[in-house]
Amino acid sequence: MHYGFIKRTVAIGSLPLIAFLFTGAFTIYTVPGLTTNVIGQNVSLLGKFDKKEGVSRRSCRYRFSSKTLKYRFPPYLCVGKSQYERETSEYTVIAKKSFLGVLYEAVE
C-alpha cells in the first residue's frame, strides 16, 4: 500500500459523514424556518434591548440583544443606524411564531 491509496480511501469514506452533516443542518435550520414563515402567526413583542455597536466586516454594525433573543442564532438582531441612534431602549419586534419556533422579521 502506498500513501495515495490510504488518502483516497479516507476521503471517499468520509463522504457519507459529510452528507449526513449537511442533511442534518438543513433539517435543523431550514425546514423549521420555512414552515414558520408559511404557517406562523404574526406576533409583536415589546421589550427592552441592549444596544451594541460592532466593527466586524462579516457581521452587522448595529445590534440589538435581549434575553428574549438568547436562543436565537446569532443572539442579536441587526438594525439600521437610525434605529440604533434612537434614545429609547424599548422596541417592538415583529415576528412569526409557530410550534417549531419564532422567526424574527423586523424591529420598530
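Quick caveat: nothing in here was measured; it's all calculated off a predicted structure.

Engineer: I'm lost on the layout of surface pockets in this one. Help?
Structural biologist: Gaps left between atoms show up when a probe the size of a water molecule is rolled over them. Reported here for the largest pocket is a volume of approximately 410 Å³. Along the wall of the largest pocket there are 14 residues; nearest its centre are Tyr 29, Arg 72, Phe 73, Val 102 and Leu 103. Looking at the lining of the largest pocket element by element, the count peaks at five residues for helix H2 (residues 15-39). Grouping the constituent residues of the lining of the largest pocket by class yields nine nonpolar, four polar and one charged.

Engineer: I would appreciate a short explanation of the pairing of strand S3 (residues 62-65) in the present structure.
Structural biologist: Side chains of S3 alternate between two faces, with Tyr 62 and Phe 64 and Arg 63 and Ser 65 buried alike. With four bridges joining them, strand S2 (residues 50-53) and S3 adopt antiparallel strand pairing. Bridged to Lys 51 within S3 is Phe 64. The sheet contact formed by S3 and strand S4 (residues 77-79) spans three bridges and is antiparallel. Note that in S4 the partner of Phe 64 across the bridge is Leu 77.

Engineer: What is the right way to read the sheet that holds S4 from this model?
Structural biologist: Within a sheet, neighbouring strands are paired by backbone hydrogen bonds and run either parallel or antiparallel to one another. Pairing is antiparallel in the open sheet, where three strands are placed in the order S2-S3-S4. At either margin of the open sheet sits one strand with a lone partner, and together these are S2 and S4. Ignoring which end each strand starts from, the neighbouring axes of this sheet average 35 degrees apart.

Engineer: I'm lost on the nonpolar core in this one. Help?
Structural biologist: Side chains of a nonpolar character, in soluble globular proteins, are inclined to be buried together. Counting residues in hydrophobic clusters, the biggest one holds 12 residues: Phe 49, Tyr 62, Phe 64, Leu 69, Leu 77, Val 79, Tyr 84, Tyr 91, Val 93, Ala 95, Tyr 104 and Val 107. Those elements giving two or more residues to this core turn out to be S3, S4, strand S5 (90-98) and strand S6 (101-107). Apart from the residues lying within four places of it in its own chain, the contact partners of Phe 49 are Phe 64, Ser 65, Ser 66, Leu 69, Ser 89, Tyr 91 and Val 93.

Conventions we followed
- Residues numbered from 1 in each chain as written.
- Predicted model: local features only at pLDDT ≥ 70, side-chain atom pairs only at ≥ 80, totals over all residues.
- Heavy atoms only, no water.
- 1 Å grid on protein atoms, 1.4 Å probe; cavity = no way out; pocket = protein on both sides within 12 Å on 5 of 7 lines; lining within 4 Å.
- Points joined across faces, edges and corners; volume = space filled by probe spheres on them.
- Helix = DSSP H or I, 4+ residues; strand = E, 2+ residues; numbered from the N terminus.
- Nonpolar A, V, L, I, M, F, W, Y, C, P; charged D, E, K, R; others polar.
- Buried < 20%, exposed > 50% of the residue type's maximum accessible area, 1.4 Å probe, protein only.
- Pairing = 2+ DSSP bridges.
- Axes fitted to C-alpha atoms, helices over the stretch in contact; angles between N-to-C directions.
- Core = buried A, V, L, I, M, F, W, Y, C linked by side-chain atoms within 4.5 Å.
- Contact = heavy atoms within 4.5 Å.

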